[in-house]
Amino acid sequence: MLVSWNTTNACNLYCRHCYRDSGAQVENELDTAEGMELIDEIAGAGFKIMIFSGGEPLMREDIYELVKYAARKGLRPVLGTNGTLITPAAARELKKAGAAAVGISLDSCDPAKHDWFRASPGAWQAAVDGMRACSEASLPFQVHTTVLEWNSGEMEDLTDLSVKLGARAHHIFFMVPTGRAANIESESLRAEEYEALLKRIILKQAQVDIELKPTCAPQFMRIARQMGVDMRFSRGCLAGTAYCIISPTGEVQPCAYLPIKLGSVRRQSFSALWRESPVLQELRSMLYSGGCGTCEYRKICGGCRARAYYYHGDYMAEEPWCLYHGRKGY
């Protein structure tokens with residue numbers, strides 16, 4: 001199981017698709033002591049991987065202390081970052097603190113396109129420099145790409161670039177329109193494009209040694225099964241079943257892209273929220289409606305619950321960008 005903590009809303013970039021609408025630090029973010037208490041709760045609840053994200057986690061002065069504490073508690077600490085603040089010194093400090101890996105965003109092979117999407121000139125080069133700093137510090141890193149219509153043709157080239165840069169994996173995020181991403185919903189992939197790209201990713205996996213993983217596109221599990229390809233993953237959508245996220249102020253959500261507040265770790269223990277939340281209990285039931293409810297692949301796919309919520313107002317509804325929709329029945 002894995003959990004993500006948006007450690008701060010502060011960010012040095014202003015990306016067009018940010019689900020957190022990051023930029024400025026918000027009032028009343030969890031402080032160091034509260035962060036350590038949260039880490040205790042997460043470890044006690046049986047989670048194994050803790051993602052420190054943001055905003056930009058390296059904007060927190062205590063990030064190395066928090067990473068070190070998580071490692072000491074037996075968690076596998078990883079960072080989700082735009083990479084632009086990873087200097088050689090920062091990479092060495094992260095390694096020393098016990099960080100197991102870093103995920104760095106790169107959305108195009110063309111620096112100008114990446115910089116436009118991230119609204120910051122020089123962001124592409126700074127991210128690549130951050131990857132090189134990780135390599136020099138022997139800190140494993142992976143590349144994270146958000147895919148939309150404008151860059152969907154680049155995925156194989158981005159995988160090749162990831163290999164060249166020394167990444168351990170290339171994770172491809174299919175945009176869910178929440179936060180600032182709601183402003184560019186029309187640029188997200190539709191069903192035919194969505195399915196075609198998933199097939200391309202699965203075929204590309206056979207050509208490279210690094211891990212490729214579509215994220216927020218759980219149909220990849222069904223498509224791989226139909227193509228006779230064995231994927232090491234057990235399920236597509238993990239929202240509320242093996243994953244959740246905590247906001248900078250301590251609000252718990254089923255996933256980053258499903259903006260339903262389950263409660264605050266300041267008022268209730270994280271472990272209790274994880275065990276007892278009615279929303280999480282419903283997600284775990286897998287009693288979906290529409291095609292997802294009758295689909296024979298529902299247990300390995302699950303449909304994107306956040307996308308169902310955005311388009312239908314119901315997180316248990318049918319995934320809107322699936323071509324299959326349980327056409328054989330369950």
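Residues numbered from 1 in each chain as written. Predicted model: local features only at pLDDT ≥ 70, side-chain atom pairs only at ≥ 80, totals over all residues. Heavy atoms only, no water.

Q: Tell me about the pattern of salt bridges, and name the residues and values.
A: On inspection of all chains with the given rule, the structure shows 15 salt bridges. Glu187 is the salt-bridge partner of Arg16, the closest N and O atoms lying 3.1 Å from each other. Of this pair, Arg16 sits in the loop between β1 (2-6) and α1 (32-44) while Glu187 sits in the loop between β6 (169-174) and α7 (191-205), and the two are 171 residues apart along the sequence. For Arg200, the salt bridge is made with Glu156, and the minimal N-O distance between the two is 2.7 Å. A residue pair is termed long-range when its members are at least 10 positions apart, and Arg200 in helix α7 and Glu156 in helix α6 (residues 155-165) qualify at 44 residues. (Salt bridge = Lys/Arg side-chain N within 4 Å of Asp/Glu carboxyl O. Helix = DSSP H or I, 4+ residues; strand = E, 2+ residues; numbered from the N terminus.)

Q: So what's going on with the side chain of Glu154? Residues and values would help.
A: The topology assignment puts Glu154 in the loop between β5 (141-147) and α6. There is no salt bridge for the buried Glu154, and the closest opposite charge comes from Lys113, which lies 4.4 Å off by N-O distance. Within the structure, the side chain of Glu154 is placed 2.7 Å from the backbone nitrogen of Cys109, a separation counted as a polar contact. Not counting chain neighbours up to four residues away, the residues in contact with Glu154 comprise Ser108, Cys109, Asp110 and Lys113. (Buried < 20%, exposed > 50% of the residue type's maximum accessible area, 1.4 Å probe, protein only. Lys, Arg positive; Asp, Glu negative; His and termini not counted. Polar contact = N/O pair within 3.5 Å; in protein donor to acceptor, adjacent residues only side chain to side chain. Contact = heavy atoms within 4.5 Å.)

Q: Describe the packing of α7 against helix α8 (residues 219-227), naming the residues involved and giving the relevant values.
A: The N-to-C vectors of α7 and α8 enclose an angle of 60°; their axes lie 10 Å apart at closest approach. Here α7 is positioned oblique relative to α8, judged by the angle of their axes. Note that α7 runs across α8; the crossing there is right-handed. Packed against α7, whose contacting residues are Tyr194, Glu195, Leu198, Lys199, Ile202 and Leu203, the element α8 presents Gln219, Phe220, Arg222, Ile223, Ala224 and Met227 at the interface. Partitioned by chemical class, the residues of the contact of α7 with α8 number eight nonpolar, one polar and three charged. (Axes fitted to C-alpha atoms, helices over the stretch in contact; angles between N-to-C directions. Parallel < 35°, antiparallel > 145°, perpendicular 65-115°, else oblique. Left-handed = near helix turned anticlockwise from the far one by under 90°. Nonpolar A, V, L, I, M, F, W, Y, C, P; charged D, E, K, R; others polar.)

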